[in-house]
Amino acid sequence: MKRVQIAHVGAGTVGGAAIEQELALREQWREQLGVDVVIGAVIGGGGAIVADTADGLAPDLLTKLVADRRAGHRLADSETPLTDPLGAIAKLAAFGPVIVMDAGAGDRTTAIDVAALEAGGGVVLSNKAPMAMPAGSIGDRLWAETGPGGRVRYEATVGAGLPVLSTLRTLLGTGDDVLEITGTVSGTFGAIFSDLASGNLFSKAVRTAKANGYTEPDPRDDLSGLDVARKALILARTLGRSLDLTDIAIESLVPESLASVSIEEFLNQISLLDDSIAERASAAAANGEVLKYVLAVKPDGAISVGVAPISTSTVLGALQGPENIVSFRTDRYDKYPLVVSGPGAGAAVTAAGMTGDMLSLADAVR
């Protein structure tokens with residue numbers, strides 16, 4: 001029986017769902033796959049809770065940590081003593097192969113990810129920031145392990161649980177030439193622009209999306225376009241392009257005058273964009289088109305993310321709600337592009353994408 005030690009970075013929305021999946025499926029994996037998945041550490045902003053033995057953290061403790069995090073409590077509020085995250089990785093490595101499940105936010109988790117690699121382990125990410133760090137930074141260490149036989153998996157960084165990156169890698173690995181990748185890869189923008197197409201004002205669509213849980217607590221984190229730009233960069237780098245975020249043209253839907261105000265004031269003032277967005281929507285409708293927030297990635301040339309009019313007769317134009325659609329136009333799939341679509345957000349599907357990566361990686365870190 002092969003055993004792997006899991007260190008979870010983040011136990012919130014996605015990380016918590018991944019922990020629950022691992023607890024529920026551990027016995028099934030033991031019986032059917034011959035792998036024993038042990039959760040040995042949970043890492044948060046205040047430090048790490050790490051097991052003292054190779055048997056991992058107790059299921060009751062893990063369940064409580066997830067419940068506490070969903071209730072808004074930090075890991076630092078736990079009664080269990082915390083240790084240094086890098087020390088936690090070193091401790092787990094003494095018990096066996098370590099896989100870090102990085103469902104955190106921001107690039108500060110990159111040092112933890114790299115520590116697992118240096119200890120002979122692997123990394124699974126839904127966190128996009130470490131994969132979008134500038135060239136020449138510590139993030140290069142992760143990209144060096146993304147090729148065949150590498151120990152970094154990052155499917156859930158683009159399209160949540162959808163097989164977007166694995167599809168791209170299959171196309172490249174079988175000798176197909178990618179001509180263009182286009183897509184709507186933000187559930188937030190999908191919900192907003194579907195609402196807009198129904199006749200609602202942009203400001204109302206933003207407030208509705210926030211009320212329905214489709215945006216970050218601060219909607220500007222979505223409306224800035226940075227999240228989509230990171231996904232575009234990850235796709236471009238997977239194609240083999242040497243680019244940074246600064247090379248991508250990003251259309252932000254956050255007025256400069258509202259960039260630093262409170263969230264409440266931002267939501268009250270976002271109507272500043274209503275007229276301009278409505279004019280663009282009307283012009284698009286006159287041509288049988290709708291507005292979508294789209295990424296466009298090619299093997300060379302400019303890369304952009306932003307609002308674009310899309311024909312309603314296309315798969316992108318027919319998008320409804322928070323669904324994601326990515327279209328691959330290649331030499332083989334030119335006239336009829338290869339399309340991957342489905343829910344591009346949600347804790348369960350994103351966690352499942354990470355879990356699938358983790359199981360495939362278990363063989364590489366034995």
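### Notes on the side chain of T146
Tracing the chain through its elements places T146 in the loop between α5 (139-143) and β6 (152-153). Polar contacts involving the side chain of T146 include one to the main-chain carbonyl oxygen of W143, which spans 2.8 Å. Excluding its chain neighbours within four sequence positions, the residues that come into contact with T146 are M131, V152, Y154 and R169.

### As for the packing of helix α6 (residues 164-173) against helix α10 (residues 226-238)
Viewed as axis vectors pointing N to C, α6 and α10 meet at an angle of 20 degrees, and their least axial separation amounts to 10 Å. As summarised for this structure, α6 and α10 are arranged roughly parallel, according to the angle between their axes. For the crossing formed where α6 meets α10, the hand is right-handed. The residues of α10 that touch α6, namely those facing V164, L165, L168, R169 and L172, are I234, L235 and T238. Among the residues making up the contact of α6 with α10, the classes are represented as six nonpolar, one polar and one charged.

### A word on the packing of helix α1 (residues 13-33) against helix α13 (residues 347-362)
Packing of α1 against α13 brings their axes to within 9 Å, and their N-to-C directions diverge by 45 degrees. Here α13 runs oblique to α1, going by the angle between their axes. Here α1 runs over α13; the crossing is right-handed. Residue-level inspection shows T13, V14, A17, A18, Q21, E22, W29 and L33 of α1 in contact with α13, the latter providing A347, A348, T350, A351, A352, M354, T355, M358 and L359. Taken together, the residues that form the contact of α1 with α13 break down as 12 nonpolar, four polar and one charged.

### As for unusual backbone geometry
The phi dihedral of A160 falls on the positive side, at around 55 degrees, and the residue is not glycine. With respect to the helices, strands and loops of the structure, A160 is situated in the loop between β6 and α6.

Conventions used here
Residues numbered from 1 in each chain as written. Predicted model: local features only at pLDDT ≥ 70, side-chain atom pairs only at ≥ 80, totals over all residues. Heavy atoms only, no water. Helix = DSSP H or I, 4+ residues; strand = E, 2+ residues; numbered from the N terminus. Polar contact = N/O pair within 3.5 Å; in protein donor to acceptor, adjacent residues only side chain to side chain. Contact = heavy atoms within 4.5 Å. Axes fitted to C-alpha atoms, helices over the stretch in contact; angles between N-to-C directions. Parallel < 35°, antiparallel > 145°, perpendicular 65-115°, else oblique. Left-handed = near helix turned anticlockwise from the far one by under 90°. Nonpolar A, V, L, I, M, F, W, Y, C, P; charged D, E, K, R; others polar.

Any functional reading would require information beyond the geometric quantities listed.
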